[in-house]
Amino acid sequence: MLEIHNLSISFQRNRASFDRETLSVVSDISLSVQPGEIVALIGASGAGKSLVAHALLGLLPANATMSGEFIFKGKRLSPAGIQELRGREIALIPQSVTHLNPLTRVGKQVYRSARLSGRCADTAHTSCDRTFARYQLADTVKSMYPFQISRGMARRVLTATATAGNANLIIADEPTTGLDPEVSEQSLAHLKELATQGKGVVLITHDLENGVQIADTLVVLYEGMTVEITPARALEENDLIMHPYTRSLWQALPRNGFMSLPPTPSSSTLNRNGCLFAERCPQARPGCRQSAPSLRRVNHKLVRCNHVAG
Amino acid sequence: MLRAEKICYRYDKDIPLLEGVICTINSGEIVGLPGPSGCGKSTLARLMAGFDHPQSGIIFCNDQALPASGFSPVQMIFQHPELAVNPRWKIGKILAEGNTDCSELLQRFGIGLNQLERYPHELSGGELQRITLIRAMTPATRYLIADEMTASLDPATQALIWQTVLSWAKSRQVGVLAISHDASLLNCICDRIDNGFCLQSPSSHLREPIAA
């Protein structure tokens with residue numbers, strides 16, 4: 001349904017009045033989403049997960065430059081095409097209540113997003129009612145303002161705004177951060193339900209456990225690069241053929257040993273010639289710092305490391 | 001010992017959120033505080049750190065009331081470090097406000113000296129959370145209250161931060177109150193888990209106002 005080829009994003013930053021530098025933040029990311037599939041983008045904060053989503057929706061700030069291409073349903077997307085599609089075919093479930101308009105009642109916002117997605121006034125009302133019923137929001141909630149609803153309800157309202165239209169691709173940005181287990185499970189179940197209806201879902205999260213729980217494919221990002229693309233069940237099966245970074249994320253989970261890595265070196269000292277992870281990698285060898293590994297296929301997975309073997 | 005004695009607290013004219021809550025942290029002890037959202041965990045944390053004052057009940061820190069001004073021996077860490085620092089100050093100035101002797105901690109947390117010249121928005125969430133921690137981990141700090149400190153960080157950073165904090169707390173006999181939704185994290189880091197808190201709270205029926 002969606003394919004991203006070689007996406008790179010860089011930012012221009014002013015150092016002094018006539019001194020500019022270009023910071024490369026995302027380099028060479030490729031991924032694909034099929035109908036009915038949940039793809040989880042996993043990485044630490046600053047790894048470029050949200051930037052991928054923003055680039056896809058055409059929401060990058062003015063000082064960003066982007067290269068690479070998006071193919072949606074077999075057609076190449078141009079910036080103008082993105083504007084046409086976002087909200088209609090591609091919908092974003094944003095991170096928190098702050099993305100709702102604080103001065104507008106919740107029901108009206110869901111209705112408006114249904115209208116903007118191209119429904120006529122009549123069907124927008126029915127689809128609005130239907131999404132409210134589906135996410136178990138009482139009718140009284142419609143007339144409430146965002147500050148009056150709980151965080152769990154806000155999540156459901158945000159999901160409702162994204163699904164009131166007919167979007168085929170849903171992007172969920174950190175849907176579980178700061179929610180208690182009950183509510184976060186519920187919000188993941190809603191994503192799963194969307195996928196079983198045949199929609200493509202991109203789940204952006206730092207939480208590896210959530211990713212493993214519901215996603216079909218995991219895309220692990222490190223410093224703006226894909227380090228591994230793997231079927232999600234491979235981790236649960238404790239399949240050891242994986243990138244050292246994925247493995248250390250897995251082993252850092254409290255239930256898997258709570259092992260930590262040395263802290264990230266600051267990005268200015270990062271050696272861009274060799275493997276970006278070499279400084280922190282427990283299995284780094286001298287060769288890792290000299291030549292950058294490329295993504296290669298090892299047993300149904302794509303791994304960016306020269307030393308993992310099948 | 002940091003002790004909250006029969007705390008009652010309510011917001012404005014709401015139903016009391018906390019009623020007769022008792023919570024103790026001994027020095028050098030790591031106490032976990034789980035509970036669903038809206039049951040008053042964060043409110044209790046703010047009360048114990050002295051940001052708010054309970055309508056009745058007292059909070060003792062080593063048999064004294066919390067100081068009304070100046071440096072507090074009870075320091076609090078929030079979930080969103082971006083909101084806990086001045087966005088117009090450089091990191092070096094932010095640190096100097098709380099902790100003037102932090103070179104050892106900087107090293108243990110892996111914060112380079114070049115980062116002290118940056119502004120908060122130029123750091124990642126994990127780096128910024130380490131900065132707020134270093135600011136709070138002074139020699140005069142006796143208790144640390146961590147309210148969902150690592151909820152928005154990836155597992156590797158979470159493990160790094162907690163391991164550093166735990167070894168620091170044990171070596172200086174600092175008590176830590178860890179508030180989290182993540183039961184497996186609390187099981188992993190805590191000496192004791194304070195489960196009684198949610199049962200005491202009368203407001204459990206308030207969690208989800210109207211839904212379902």
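Residues numbered from 1 in each chain as written. Chains lettered and ligands numbered in written order. Predicted model: local features only at pLDDT ≥ 70, side-chain atom pairs only at ≥ 80, totals over all residues. Heavy atoms only, no water.

A. A look at unusual backbone geometry. All names here are of chain A. Despite not being glycine, Q136 shows a phi value in the positive range, around 50 degrees. Along the chain, Q136 falls in the loop between α4 (121-134) and α5 (151-163). Overall, the relative accessible area of 45% leaves Q136 in the partly exposed class. Positive phi is not limited to glycine here, since E223 has a value of about 50 degrees. Following the sequence through the fold, E223 ends up in the loop between β9 (217-222) and β10 (225-231). Residue E223 is classed as buried on the basis of its relative accessible area of 19%. (Helix = DSSP H or I, 4+ residues; strand = E, 2+ residues; numbered from the N terminus. Buried < 20%, exposed > 50% of the residue type's maximum accessible area, 1.4 Å probe, protein only.)

B. The packing of aromatic side chains, seen in detail. Residue and element names in this part refer to chain A. Taken as a whole, this structure holds six aromatic pairs over all chains when the rule is applied. With 4.6 Å between their ring centres and 55 degrees between their planes, Y222 and Y245 make a pair best called tilted. Of this pair, Y222 sits in strand β9 while Y245 is found in helix α9 (residues 244-252), placing the two residues 23 residues apart along the sequence. Across the pair, Y245 and Y222 agree in class, each one buried. (Phe/Tyr/Trp six-rings, centres within 6.5 Å; stacked < 30°, edge-to-face > 60°.)

C. Main features of the side chain of B:T43. Along the chain, B:T43 turns up in helix α1 (residues 41-48). Residue class for B:T43 comes out buried when judged on its relative accessible area of 7%.

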